[in-house]
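For reference, the chains in residue letters:
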Amino acid sequence: MKTLSIDVRRAEPQDARAISEVHRVSWLQTYGGLIPHIPLNQMVDRRGETWWRKATCGPATLLVLDVAGTVAGYATLGLNRARALPQEGEIYELYLRPEYQGMGLGRLLFGEAQRLLKSLGCNGLIVWCLEDSEHADRFFRSAGGRDIAEGMESFGVKELKKVGFVWP
């Protein structure tokens, strides 16, 4: 019998190409039809392998979900950027390749990101998602998040509402 290894670990520079691919496929699947085509593709294209290599050494923490040696997802996290809110930690991004979604791996990655922020002394956590992203809304609600804030995000000529989910 083979054992499948699943690990959440800090990203390393050599993960950059794989993270870039996870970013590309997950963003195109998640935001296709929500964010206009041109701004979406520009956002994806800006974050190639070089960008992600630099991100592994940047101020935000970058975690990867490693499934049997394949980077199946990533999360970026750090201090809350919305200073008006009391939560000290923020998960900026959490994405999985489409073929790894729906198996509990997102919950595993989220839990590890949440634990890491808590271990770093962050009291409370916020995550933002687009209001029209039903999958993200359902995911964060099922993980116990309460939507307590909202804002707007510009994508070219289109403005979309975002929702902030918090955990104590």
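Above this text sits the structure in question.
Nothing here was measured: the structure is a model prediction, and the numbers come from that model. (Residues numbered from 1 in each chain as written. Predicted model: local features only at pLDDT ≥ 70, side-chain atom pairs only at ≥ 80, totals over all residues. Heavy atoms only, no water.)

### Describing the overall build of the chain
Per the secondary structure count, the chain includes five helices and seven strands. Against the globule reference of 15 Å for 168 residues, the chain gives a C-alpha radius of gyration of 16 Å, in line with a compact fold. Within the chain, the proportion of its 168 residues that are buried is 47%. In the chain, of all internal contacts separated by at least 6 residues, the share reaching a separation of at least 24 is 63%. Accessible surface computed for the chain: about 9,300 Å², of which carbon and sulfur atoms make up 53%. Here the chain contributes 21 positively and 20 negatively charged side chains, and the mean placements of these two sets differ by 2 Å. (Helix = DSSP H or I, 4+ residues; strand = E, 2+ residues; numbered from the N terminus. Rg over C-alpha atoms; globule rule 2.2 N^0.38 Å. Buried < 20%, exposed > 50% of the residue type's maximum accessible area, 1.4 Å probe, protein only. Contact = heavy atoms within 4.5 Å. Areas by Shrake-Rupley, 256 points an atom, 1.4 Å probe, with all protein chains shown as cover. Lys, Arg positive; Asp, Glu negative; His and termini not counted. Charge placed at Lys NZ, Arg CZ, Asp CG, Glu CD.)

### A look at the packing of aromatic side chains
Considering all chains together, one arrives at 12 aromatic pairs under this definition. Aromatic side chains Tyr74 and Tyr95 sit 5.9 Å apart centroid to centroid with 40 degrees between the ring planes, which places their arrangement in the tilted category. Of the two residues, Tyr74 is situated in strand E3 (residues 70-79) and Tyr95 in strand E4 (residues 89-96); the sequence distance between them amounts to 21 residues. Given the relative accessible area of 0%, Tyr74 is considered buried. Taking relative accessible area as the criterion, Tyr95 reaches 12% and is therefore assigned buried. Centre to centre, the rings of Phe140 and Phe165 are 5.9 Å apart; their planes meet at 35 degrees, and the pair counts as tilted. Linking Phe140 in helix H5 (residues 134-142) with Phe165 in strand E7 (residues 158-167), this pair joins segments that are 25 residues apart in sequence. Taking relative accessible area as the criterion, Phe140 reaches 7% and is therefore assigned buried. Following the ring pairs from residue to residue traces out a cluster consisting of Trp27, Tyr31, Trp51, Trp52, Tyr74 and Tyr95. (Phe/Tyr/Trp six-rings, centres within 6.5 Å; stacked < 30°, edge-to-face > 60°.)

### Structural notes on the pattern of salt bridges
Tallying each qualifying case throughout the model produces 14 salt bridges. Where Arg24 meets Glu21, a salt bridge forms, and the shortest distance between an N and an O atom there is 2.8 Å. Within this pair, Arg24 and its partner Glu21 are both found in helix H1 (residues 16-31), separated by three residues, close to a single helical turn. Using a relative accessible area of 29% as the deciding quantity, one classes Glu21 as partly exposed. Two residues, Arg115 and Glu112, come together in a salt bridge whose shortest N-O distance is 2.7 Å. With a gap of three residues between them, Arg115 and Glu112 both fall in helix H4 (residues 105-119), about one helical turn apart. By relative accessible area, Glu112 is classed as partly exposed at 28%. Look at the salt bridges and you will find they share partners, linking Arg9, Asp15 and Asp66 into a network. (Salt bridge = Lys/Arg side-chain N within 4 Å of Asp/Glu carboxyl O.)

### Some points on the side chain of His23
Assignment of secondary structure puts His23 in helix H1. Judged by relative accessible area, His23 falls into the buried class, the value being 0%. Ignoring anything within four residues of it in the chain, the contact list for His23 reads Met43, Val44, Arg47, Trp52, Tyr74 and Glu93.

### Considering the nonpolar core
What tends to happen in soluble globular proteins is that the nonpolar side chains get buried as a cluster. Ile91, Phe110 and Phe140 are the most contacted members of the largest nonpolar core, which has 28 residues in total. Residue assignment for this core shows that the elements contributing at least two residues are strand E2 (61-67), E3, E4, H4, strand E5 (125-130), H5 and E7. Excluding its chain neighbours within four sequence positions, the residues that come into contact with Ile91 are Thr76, Leu77, Phe110, Ala113, Gln114, Leu117, Leu125, Ile126 and Val127. Grouped together as the second largest cluster of nonpolar side chains are 21 residues, Leu34, Val44, Trp52 and Val64 included. (Core = buried A, V, L, I, M, F, W, Y, C linked by side-chain atoms within 4.5 Å.)

The values reported here are purely geometric and, on their own, carry no functional implication.
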